[in-house]
Structure formats: C-alpha cells, structure tokens
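# Summary of the model geometry
If you want the building blocks of each chain, they are given just below.
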Amino acid sequence: MKTGKNVTGIGTSPIDSKKTIEFAESCTISSGDESAMKQFREECANATEDGFGSIPAPASIKGLAHLAMDAFKGQKAAVFINLLGERLAFERTGTRLYDAVLAKFDACGGFDGGPTRDELVSFRDAELRHFALVHEAIEELGGDPTVMTPNADIVGVQALGLVQVVTDPRTCVEQCLSALLTAELVDNDGWAMLIELADAMGYDEMAEAFTEAKREEDHHLASLRQWLSAFVGSEAHVDMPLPTAPPPSPMP
Amino acid sequence: MALDLFKEKGVPLDKQGFNWRELVQTPISKLDDDAFTRIRIILMNGIENESWIFQHSFARMHNHGLRLPLARVRRIEQHQQTLVNWLLPSDQSVLETTIGYEQVAVEITAAVAQNEPDPYMKQVYNYGLLEDFDHLYRYSALLDRLEGKDSNNILQNYTDIVPGRPTCDEHRDPADDLRDHYDCKKAAPITKLNALTILAAEQQTRNFYATNGNYYSDPVARQLYAEISSIEEQHVTQYESIIDPAETWLEKWLMHEATEVYNYFNCYQQETNSRLREIWERMLAYELGHLHYVMDLFRSIERRDPAEVLPQSLPEEITFKSQRDYVRQVLKDEVNLRAVGTQFVDKSQVPSTSPSLAYRAQVNAKGSPSEIVAAGYRWVPGTELLERARGLRTHDGQRLTP
C-alpha cells in the first residue's frame, strides 16, 4: 500500500472545511427525520405483490409431479427449484469471478503466503463442477436448468459489485481475494441450506453430492481467509495467527 | 382497428398531468413478462426522448411565439418518458438492459423494413439491422463471459444470437453514413413514421451506451461500449439523413406527435400485460391531445391544413413478434454489403481509396474490442460454461444417477 495525496477527507482543507461546517450548522433545514424514508419504503413494500417473478409450475416438473398433487408439497418443490436455480447461477458467476482473478494473478503475480496459480485454477474448476452438478440435479427433477429463478436473479444482482471489483485493472490480487471471500462466505451457507433441504425431501444421492461440494467450498473459504491473513500480516509487518485451512478435498 | 387522427382528440393538454407516484410505478418482471413488453417500453422511451430533444432544438432555433407551447408540451413528454422508462426493473443489469436494447433494434427494424414501401429506405433499414444484429451477438458474449449469464433469459427465444456484419467492419467515414432522404411532398406517411421511429430507437441506444459504458470496470466492457456507441452514432447520422430537411419545423413537430400516437397505439393494441395496456392507453390519449394542439398551431402559424401532412388514419402497424425468418434472409443476402457514399455495394466493389477503409484502419489499429470479447463464442442454452463444466464432471466420472 502506498501513502500519498488523498483529498477525500475533511482534513484536506482546514479553512474550507470550517466554512462548510459552520454554514451547514447555521442554515434552516427541512423538518422531520429519516423515519420518513423508512415509512415510504414500507408503503412501497406493502404495495408490491408479485416480487421479482415466479418459479416454473411444479406440475411441469416430472420428477416433482407427485409433490405438485398436494399444494403444500408443491410449495416445497418450488422452494427447492428456486434454491437450486440460485446455486446454479452463483456457481456460474463464481467461475467467471475466478476467471477474472486468474487474469489478474497472471498479470501481477502472487505474494508470500498467497495462492498459487494451480490453486486458483483448481478452485475455479470446482465452481464449474458444482455448476454442472446443480444442472444435473435440476435435469434429474425434470426441471429446466436454463430458467432464471427469482433467487438466481437476486444473487446475480448481489454479485455485480464483486464482478466490478475483480475485473477492474486497478485492483490488486489481494483486493480481488477479498471479493472472492465475500462470494465464498455466501456460497458456503447456500450449500448448507441446499443440503438440508435435499435431505429433508428425501433426495439422498443429491444431498450426498452436495455435501461433497460443500466440503470443497469449506476448503475454498478457509484458504481465502488464510491468504488474506498472510497478506495483511506481511503488509503490516505483524505476526497474524493464520486460520487453519482444512485439508483439500480428495479429487475424484 | 383504424384510428382516425382527426376525429380522436384524446386528452386536452391543460387536463394532462402526473404526480410522482404515477410517474414511478411498479416495474415489469424481468422473469415473467414477455420480452415484447420490455421491447415496447424501451422503444417508447426512445420515442419520448426523441420528442423531448427535438422540441428543445426547435425552441433554440425559432421564436414565432412557440417557446411557451413547446415548453408546455415538453414538460408532459418529460414525465411520459420517466413513467415509461421507470417501468424497467432494477434487477435488470445494465448489460441485460443492453441486450434488450439490441433486441429492440433487431425486431423493430426488421418489422419496419417489411412495412416500408420505398425500396431504398427498406435497404437502409436492412443495412442497419445487420449491424445491430451483430451487436447483440457481441454483447451476449460479454454477458456470458463477464457476469456468467445467458442472454436468452432476456431474449426469450425470439431472436437469434449469431454474428451479423462484423462490428469491426461497421466503422465508416461520415461520408459513407449519410443517405438520400425521402421527398416530404411525395413520401408515404408510413415512410415518415418509420424514419422517426427508427431514428428515435437508435438515438436512445447511442445515449444509453454513451452514458453507461463508463460504469464498467472491466476493460473489455468499457472498450466494447465505446466501440458500439460509436456505431450507434453512425446509425443516428444515417437515420436522421433519410428525413427530408425541407420539412418546416412545425411540420416536423406534427410528425413527431403523429409518430408518438402511432407507436403508442401499436403498443396499446398488442400489449399482453393488462396494467401496461392501461398505461399505453393513457399515453395514447395524451399524445392525441398533443397532436391536436400542434395541428391548431400548424393551422394558425403556417396557414396550412394538417391533412396535407398527416394521413386520415394510421397506416399499417408495427408487428411486435419475432422476425426471425426475415432477419435470417437479410443476413444471408446482404451481410456482405458495404456503404459507399449513399449507396450499398458488395464489399468486393469498395474502392481501395474509400475513406472508410482508412478510418477503419485507424480505429482498429490497436485491436478491436468486439473481436476480443466474442473470440470463439458460440451461444448455447445456459452459457458456454456448460460444455466446460460437463467436460470436467465427465472426466472425473461423476454423474447423478438418472
């Protein structure tokens, strides 16, 4: 990290900042407080009925047709498909995040205690495999894996900031790893939820395959924490207690 | 159903107005609404923007007591534009919206070309069509390779995703972007309406790319938007040049209002979302009010009968449906055409002294973003990653039990 001229703070210009502060304090302002904004958001949320969109009707999903006979179970099927769609979208975007970080790594190189290129490639390929796994799962249920479910849509919105960070030529490898950490934290919990649901619905083989995927994601998460700690410790010249990464999942 | 432009008076200008809640309504659903509903919103946003820009130009160039009438109508156009554009949802990323913009350019230009009675004008539309068709392919590659998304989620199987006239070959010297214009005394009303409709659509596309391209951090995306924005500027140059400059300012204003009526009427007739159909109906009534307001100005200031300029009833509608077969035919027959001056020739006949060749060599001197982004790109359902992903699973011998 370099030190230099950063002009965003109030201390940049003591004379001008004093004038700005004094005038802001002396002027009459509009009445009320920020609760008006909260109230307006509440009104808008109450007036919105349909959300972002729907999930394809369970009746059209062959593997879940038995569930669709019962409204309660049909709802369960829709929740499952929605979550599968979410994971599929996230793994696919995750692959593109790692693609971008690999370009950065090749351009800028790594750092002591950071990832090797092979590790990044292996993590990227794991995301790809997970994408294919969820794709298969949706196909097995008779669903359409190309559908963008509402949760898939939302994680797409969430990921946009991460895409911006990792593709910016000005970010360094460590800043990109921090963006990947954000992604892996969310991904990890997403898999946990999917496993619970697959298990509860009696899709044992899926639950098992998802558990294996989560083991790989656990390794990604722990590794990212370790790399970032190593970087901060080295930059600040302090000994950071390194989080322990679980051993890599055995590759089939 | 025919709409009589002289009998239907719509809502008088002094009865028109909105509050903020009306301007900002619940947007459409990116996932559930038909792609042609999104197409209509994008198209009408462009039509409204063109009216607003035209009326500002008019006010700056002339003062026959028209500054206030222009300001009054323009205020309503501003609010109509906001209402329409704010119907697009925020979960639609800039890049997904871009895919929507190019779908508008492809489907609406193809529909307009088929409605166009003047063979030269039809050729002009076909020419622009194949360029926007290529942009759709390039942006689809970017969406896949940047955000990991499938552009068909937006296109909904209505529009093909393959190369058209290569974007890197579309860069031309301005002399090769100008076209011959129609003769306002002889041209059919539909020719005038078509020209303004496509001009409006292309102009908003240029403005959208020019405004949003810099929000990307990805260097390929930034360059691609810069490159395609430049082509859209060429398209604006092309389409504004087909409009007869001999039309008076008031005559042009009348045609702008008629174009708004024509397009809102088409939207109203074909809309599948009942809430939006009501919006189109209200907008149509407002535009009829504007049209009659301008008709009165035309009579009093130019001492001319609006019937000299306007048809009694609206001509054939723009059909909001997939134009796949037409586009494929134009692609097959005309992809190798290139502009030389105002005419189109096979690329083998472009003279070696063509200023466009020199211009192209200059802008592409350090590579072409549109080539980089789509190198080896073939669209498949679910993104190009699917093949790679399946390859890895198969290689590892993994597969859920069918």
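### Concerning the overall build of chain A
Summing up its helical and strand segments, chain A has eight helices and zero strands in all. Overall, chain A shows an N-to-C arrangement of helices and strands of α-α-α-α-α-α-α-α. Counting only residues that meet the buried cut, chain A has 36% of its 252 residues in that class. Within chain A, contacts between residues separated by at least 24 positions form 69% of all contacts whose residues are at least 6 apart in sequence.

### Here we look at the confidence of the model for chain A
Chain-level pLDDT for chain A is 90 on average; 89% of the residues reach the 70-or-more range. Looking at the elements of chain A, mean pLDDT is at its lowest for helix α3 (residues 65-68) of chain A, recorded as 58, and at its highest for helix α6 (residues 150-167) of chain A, recorded as 98.

### Some details on the environment of B:Asn263
Residues and elements named next belong to chain B. Looking at the secondary structure, you find Asn-263 in helix α9 (residues 249-270). For Asn-263, a count of 29 C-beta atoms within 10 Å gives the class buried. Expressed as a C-alpha distance, the spacing of Asn-263 and Val-340, which sit 77 residues apart in the sequence, is 32 Å. What Asn-263 contacts, discounting residues up to four positions off in sequence, is Leu-43, Met-44, Ile-47 and Thr-197.

### Side note on the interface of chain A and chain B
The interface is formed by 36 residues belonging to chain A together with 34 residues belonging to chain B. Contributions of two or more residues to the side of chain A that touches chain B are made by α4 (71-108), α5 (117-140), α6 and α8 (204-236) of chain A. A total of ten residues in the side of chain A that touches chain B trace back to one element, the largest contributor, which is α5(A). Class assignment for the residues of the side of chain A that touches chain B results in 16 nonpolar, ten polar and ten charged.

### Describing unusual backbone geometry
All names here are of chain B. Notably, Gln-156 is not glycine yet its phi reads approximately 55 degrees, a positive angle. By the element assignment, Gln-156 lies in the loop between α6 (152-155) and α7 (189-212). Look at Gln-156 and you get partly exposed, because 14 C-beta atoms sit within 10 Å. You will see that Asn-157, though not glycine, has its phi angle at about 70 degrees, which is positive. With respect to the helices, strands and loops of the structure, Asn-157 is situated in the loop between α6 and α7. Residue Asn-157 is classed as exposed on the basis of its C-beta count, with 10 C-beta atoms lying within 10 Å.

### What about helix α2 (residues 35-61) of chain B?
Between its first and last C-alpha, α2(B) extends 39 Å over 27 residues, near the 39 Å set by a 1.5 Å rise per residue. Of all the 27 residues making up α2(B), 19 are buried; the element is thus mostly covered by neighbouring parts of the structure.

### Observations regarding the packing of helix α7 (residues 173-200) of chain A against α8(A)
All names here are of chain A. For the pair α7 and α8, the least separation of the axes is 9 Å and the interaxial angle reads 155 degrees. The angle between α7 and α8 places the two elements in the roughly antiparallel class. Regarding α7 and α8, the two cross each other, and that crossing is left-handed. Among the residues forming the contact of α7 with α8, the class breakdown is 18 nonpolar, four polar and eight charged.

Calculation notes
Going along each chain's sequence as written, the residues are numbered from 1 onward. For naming, the first written chain is A and the first written ligand is 1, with later ones following in the order written. Per-residue local features of the predicted model are confined to residues with pLDDT of at least 70, and side-chain atom pairs are confined, for both listing and counting, to 80 or more; whole-chain, interface and lining totals are unaffected and use all residues. Each helix is a run of DSSP H or I of at least 4 residues and each strand a run of E of at least 2, with the numbering of both proceeding from the N terminus. Buried, partly exposed and exposed are defined by the number of other C-beta atoms within 10 Å of a residue's own C-beta, namely 20 or more, between the two limits, and 12 or fewer respectively, with C-beta atoms placed from the backbone. Note that contacts rest on C-beta atoms placed from the backbone: two residues are in contact if these are within 7 Å. You can read pLDDT as the predictor saying how much it trusts each residue, on a scale of 0 to 100. All residues other than Ala, Val, Leu, Ile, Met, Phe, Trp, Tyr, Cys, Pro, Asp, Glu, Lys and Arg, Gly among them, are scored as polar; the first ten of these are nonpolar and the last four charged. Here a helix's expected span is defined as the number of its residues, less one, multiplied by 1.5 Å. In this analysis, axes come from line fits to C-alpha atoms, helices being fitted only over the stretch in contact, and the angle between any two N-to-C directions falls in the range 0 to 180 degrees. Any angle that falls under 35 degrees is termed roughly parallel, while one over 145 is termed roughly antiparallel, one within 65 to 115 roughly perpendicular, and all others oblique. By definition, any crossing whose near helix is turned counterclockwise from its far helix by less than a right angle is left-handed, and any crossing with a clockwise turn is right-handed.

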